[in-house]
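# Structural overview for review
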Amino acid sequence: MTVKPSVQPASTSALSWLSYLVPGLGQLLLGHTLLGVQFLATAALVWLIAWPLLQSGAAFSIVLALIAVVSLHLGAGLTAAADARRRLGAEQAHAAQNVYKRWSVIVALAVVVLIGGLLLKWIVTLPSWNEVQRNFLFLLIGRFRAEQFADQLWRLWGFAALALGTVAAFGMAQLKIRNGWIPLVIGAAVGIVLLFPTVSPQVSIGGLALSLILAILGILGAIPLGLLFGVGRTNTLPVIRGISVGYIELFRSLPFITVIFWFFIFVPYVLGEGTQFWAVVAALSLFTGAYVAEIVRAGIQALPSGQAEAARALGLSGTQTMLQVVLPQAVRNMIPPLVGQFISLFKDTSLVSIVGLIELAGAGRITANRLVTATFELYLTVALLYFVFAYLLSLLARRLEAPRAVR
Amino acid sequence: MTATNLQKAASPSSAEPIIKAVDVHKNFGNFHALRGVNMSVQPGEVVVIIGPSGSGKSTFIRTINRLEEHDKGTIVVDGIELKDGQNLDAIRREVGMVFQSFNLFPHLTVLQNVALAPMRVRKTPKAQADKRALELLERVGIAEQAHKFPAQLSGGQQQRVAIARALAMDPKVMLFDEPTSALDPEMIKEVLDVMKGLAGSGMTMLVVTHEMGFAREVADRLVFFDEGNIVEDTTPDEFYNNPQHERAKAFLSKVLGH
Ligand SMILES: Nc1ncnc2c1ncn2[C@@H]1O[C@H](COP(=O)(O)OP(=O)(O)OP(=O)(O)O)[C@@H](O)[C@H]1O
Ligand SMILES: [Mg+2]
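We now turn to the structure provided with this report.

Reading the values: the criteria
- Residues numbered from 1 in each chain as written.
- Chains lettered and ligands numbered in written order.
- Predicted model: local features only at pLDDT ≥ 70, side-chain atom pairs only at ≥ 80, totals over all residues.
- Heavy atoms only, no water.
- Helix = DSSP H or I, 4+ residues; strand = E, 2+ residues; numbered from the N terminus.
- Buried < 20%, exposed > 50% of the residue type's maximum accessible area, 1.4 Å probe, protein only.
- Contact = heavy atoms within 4.5 Å.
- Areas by Shrake-Rupley, 256 points an atom, 1.4 Å probe, with all protein chains shown as cover.
- Near = heavy atom within 4 Å.
- Polar contact = N/O pair within 3.5 Å; in protein donor to acceptor, adjacent residues only side chain to side chain.
- Nonpolar A, V, L, I, M, F, W, Y, C, P; charged D, E, K, R; others polar.
- Patch = residues over 30% accessible without salt bridge, like charges linked within 9 Å, V, L, I, M, F, W, Y side chains within 5 Å.
- Salt bridge = Lys/Arg side-chain N within 4 Å of Asp/Glu carboxyl O.
- Buried area = accessible area lost by both parts, 1.4 Å probe.
- Pairing = 2+ DSSP bridges.
- Phe/Tyr/Trp six-rings, centres within 6.5 Å; stacked < 30°, edge-to-face > 60°.
- Lys NZ or Arg CZ within 6 Å of the ring centre and 35° of its normal.
- Axes fitted to C-alpha atoms, helices over the stretch in contact; angles between N-to-C directions.
- Core = buried A, V, L, I, M, F, W, Y, C linked by side-chain atoms within 4.5 Å.

### Concerning the overall build of chain B
Along chain B, the regular secondary structure elements total ten helices and ten strands. Taken along the three principal axes of its C-alpha coordinates, chain B extends 55 × 45 × 40 Å. Residues classed as buried in chain B amount to 55% of the 258 residues present. In chain B, the share of contacts with a sequence separation of at least 24, taken over all contacts with a separation of at least 6, comes to 66%. A total accessible area of about 11100 Å² is found for chain B, and carbon and sulfur atoms account for 49% of it.

### Looking at the overall build of chain A
Looking only at helices and strands, one finds 16 helices and zero strands in chain A. Considering chain A as a whole, with its 407 residues, one finds that 43% of them fall into the buried category. Here chain A displays about 20800 Å² of accessible surface, and carbon together with sulfur accounts for 71% of that area.

### A closer look at the site of ligand 1
Residue and element names in this part refer to chain B. In the vicinity of ligand 1, the contacting residues are Phe28, Phe31, Ala33, Pro52, Ser53, Gly54, Ser55, Gly56, Lys57, Ser58, Thr59 and Glu178. Contact between ligand 1 and Gly56: an oxygen atom at 3.0 Å from a main-chain N or O atom of the residue. Within the contact set of ligand 1, an oxygen atom lies 2.6 Å away from a side-chain nitrogen or oxygen of Ser58. For ligand 1, the accessible surface in isolation is 630 Å², of which the surrounding protein chains cover 59%. Broken down by secondary-structure element, the contributors of at least two residues to the shell around ligand 1 are strand S2 (31-41) and helix H2 (57-64). The biggest single contributor to the shell around ligand 1 is H2, with three residues. Each residue belonging to the shell around ligand 1 can be placed in one class, and the counts come to four nonpolar, six polar and two charged.

### Section: a nonpolar patch on the surface
Residue and element names in this part refer to chain A. On the surface, a cluster of nonpolar side chains totalling about 440 Å² of accessible area is made up of Trp181, Ile182, Val185, Ile186 and Val190. Here Ile182 is to be found in helix H8 (residues 181-195). Looking at Ile182, the relative accessible area reads 36%, which means it is partly exposed.

### Structural notes on the interface of chain A and chain B
Contacts between chain A and chain B engage 18 residues on the former and 22 residues on the latter. Approximately 1800 Å² of surface area, both sides summed, lies buried where chain A meets chain B, with 59% of it carried by carbon and sulfur atoms. By the criterion of area lost to chain B, the three top residues of chain A are Ala313(A), Leu314(A) and Gln324(A), representing 33% of everything that side buries. Taken together, the links from chain A to chain B amount to one salt bridge. For Glu309(A), the salt bridge goes to Arg62(B), with nearest N and O atoms at 2.8 Å. Between the two partners, chain A and chain B, sit seven residue pairs in polar contact (both at pLDDT 80 or more). Elements represented by at least two residues in the side of chain A that touches chain B include exactly helix H13 (305-313) and helix H14 (318-348) of chain A.

### Quick look at the pairing of strand S9 (residues 221-226) of chain B
Moving residue by residue along a regular strand, the side chains alternate between the two faces of the sheet. Residues and elements named next belong to chain B. Counting buried positions along S9 gives six out of six residues, so the element sits mostly inside the fold. Burial along S9 is two-sided: the residues Arg221, Val223 and Phe225 and Leu222, Phe224 and Asp226 are all buried. Examined bridge by bridge, strand S3 (residues 46-50) and S9 share four bridges and lie parallel to one another. Bridging across to S9, Val47 finds its partner in Arg221. As paired strands, S9 and strand S10 (residues 229-234) are joined by five bridges and run antiparallel to one another.

### Quick notes on unusual backbone geometry
Residue and element names in this part refer to chain B. Notably, Asp78 is not glycine yet its phi reads approximately 50°, a positive angle. Structurally, the position occupied by Asp78 is in the loop between strand S4 (72-77) and strand S5 (80-81). On the accessibility criterion, Asp78 (30% relative accessible area) is partly exposed. A positive phi angle, close to 55°, is found at Asn103, a residue other than glycine. On the secondary structure map, Asn103 appears in the loop between strand S6 (95-98) and helix H4 (110-121).

### Remarks on the packing of aromatic side chains
Under the counting rule described, the total for this entry stands at 13 aromatic pairs over all chains. Three or more aromatic residues link up through ring pairs in this structure, and these residues are Phe229(A), Tyr247(A) and Phe251(A). Looking at Arg165(B), its charged tip hangs above the ring of Phe105(B), at a distance of 4.5 Å from the centre.

### Some words on the sheet that holds S5(B)
Residue and element names in this part refer to chain B. With antiparallel pairing, the four strands of this open sheet are ordered in space as S2-S1-S4-S5. Where the open sheet ends on each side, the last strands, each with one partner, are S2 and S5. Pairing between strand S1 (residues 19-28) and S2: eight bridges, direction antiparallel. Considered in S2, the bridge of His25 is made with Arg35. Lying over the sheet, H2 contacts S1, S2 and S4, oriented at roughly 60° with respect to S2.

### What to know about the nonpolar core
The biggest cluster of nonpolar side chains holds 51 residues, and the ones touching the most others in it are Leu137(B), Ile163(B), Met174(B), Phe176(B), Met195(B) and Met205(B). Every residue in contact with Met195(B), bar those within four places of it in the chain, is listed here: Ile163(B), Phe176(B), Pro179(B), Met205(B), Val207(B) and Phe214(B). Counting residues in hydrophobic clusters, the runner-up holds 46 residues, among them Ile260(A), Phe263(A), Ala293(A) and Leu345(A).

### Points about the pattern of salt bridges
Considering all chains together, one arrives at 24 salt bridges over all chains under this definition. Of the charged contacts in the structure, one is a salt bridge between Arg221(B) and Glu45(B), with a shortest N-O distance of 3.2 Å. A residue pair is termed long-range when its members are at least 10 positions apart, and Arg221(B) in strand S9 and Glu45(B) in the loop between S2 and S3 qualify at 176 residues. The class of Arg221(B) is buried, set by a relative accessible area of 14%. Of the residues examined, Glu45(B) reaches a relative accessible area of 14% and is grouped as buried. Where Lys172(B) meets Asp78(B), a salt bridge forms, and the shortest distance between an N and an O atom there is 2.8 Å. Taken together, the positions of Lys172(B) in the loop between helix H6 (155-167) and strand S7 (173-177) and Asp78(B) in the loop between S4 and S5 put the pair 94 residues apart, joining distant regions of the chain. A network of salt bridges, in which partner residues are shared, links Arg233(A), Glu249(A), Arg252(A), Glu294(A) and Arg297(A).

All we've got here are geometric facts, nothing functional implied.
This is the structure:
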């Protein structure tokens, strides 16, 4: 290794660190622990060697990097194959080895490493990250400033309650303890009660915090609506079924933006000023509720009809049959599509900025407009924040499902 | 003939019938599934219903607890006429049903399956409902499985739980719709034995089954369905040895291969 540290600017060392992180983590995610670790080391070496050359613009450095990646990758593949042979037997080991010998795989990986590295380099060396840093708090909580509400600071414990509930549910799922939804619901309830007054228009909490608050309130509204109308749609009484179908089809046929606009204008008109926030929550709940209702209906109809028949034959009433027999089973089928729906609700909150609520997307846009220079960096940050929370939600859901699937 | 059978043959047939169906019709769209069925069943009688597939056997016994509504005719169960606006739950409390596919509730334990209806419908306190459920599970021979889930039981065990579940409501009539036809041969006997015990205890039973051995041992009457109607109503032995109807003869030779 002939790299002199003094040649590298500060950003470069950060970059090379990131560039071997990506493919290495990729391998780790694929479950190839050994390969992942080796790949991290490989990429580190490649970038340590190639980086100074690349900086000086030497074209052959790319070739050098490619060769290094290919050879080290092959080495890693062989090691992985040996590992597989030890654990799984010759046949699988052979298959594993062949995958790493395949040129398409090698070339694809090399290209990913190089392009990924260059892209990362470009992103990291964008000029205005310091602007993002300066406005990051605005992206997270909007104009909300604690010092203006020093007497209300304890309310921020609501976030802690939310986080604790989530972590507890996650942990319980990991440990295969049932009823993980209990801490989740308690955490959400406590969090919302505590944070509730901070969302009034005067306090104007915004940014990511507002997005999360809107999403959680929207979900809490959408679940009872969805249950009510989803069950209603399976009712034998034509009136109840008609009302349910009307609600579901109406909201599924309207673009979300029109629903927001309509509620934003209509609700304060009827209930007075200062209700805009709740108008938006109602719009989110009613809109998502229609989709939840369809998920509920599908979950109910996926059950064999013998279940409801057996319950009715025992003398259980229609309501008892639904609550004791049908719904407990249907809920299990409903979890995966529900999570998808809630992720999409979380992303839909980005549309409420058109009526002046400065949630995450709105905060990003305002900042970008004000600064002019840091547009790309800001939107990238906003996208990352959305991604992290949406992905966490889907991870959590997968963990919550797992222990139930056992029995 | 067994002792229980002799006892029952001696029971008076002059009492009020517990089930009385007169000219019962049922349509599914254009399909005329029941075409004027008449049947009356005395308390304590065991009636076996047989007939070719699609002849309306299931449809008929399902009209008796109103899982199916009949379009024409009258059905009276234990003095309650089945019609619109009736308190259905009152009738269903009198009539237990066992299905071909068991239909146990998979999210509840065996004990919870049996105790559910008494707790919810009769408002029996939990401790009492559980105790009774255990007694019933004892009676069908699976008390030691009480805390398992249905999916952990064999088909025969599941069907015995289903019988216990129906009995938990203390019904006056039990309906069985091909209770053994989803079971492996070695499990059929354990279910039939439970049903025989039940018949011996004087339960009124309507059983759709093709188990001729069971019919001849336990049933007081055998009813042959064809194309939505009863074409023969006789004793099992009479039917077995001397079927009157052409269709019945053809059916017997198909089912029994003789
Ligand atoms: N819900 C329904 N909708 C439409 N047709 C039906 C329905 N239920 C039953 N049928 C029809 O009514 C006829 C009688 O059905 P049923 O189930 O009573 O016959 P079955 O005698 O019990 O036959 P199997 O021995 O096959 O159980 C069949 O032709 C069936 O297709
Ligand atoms: Mg049938």
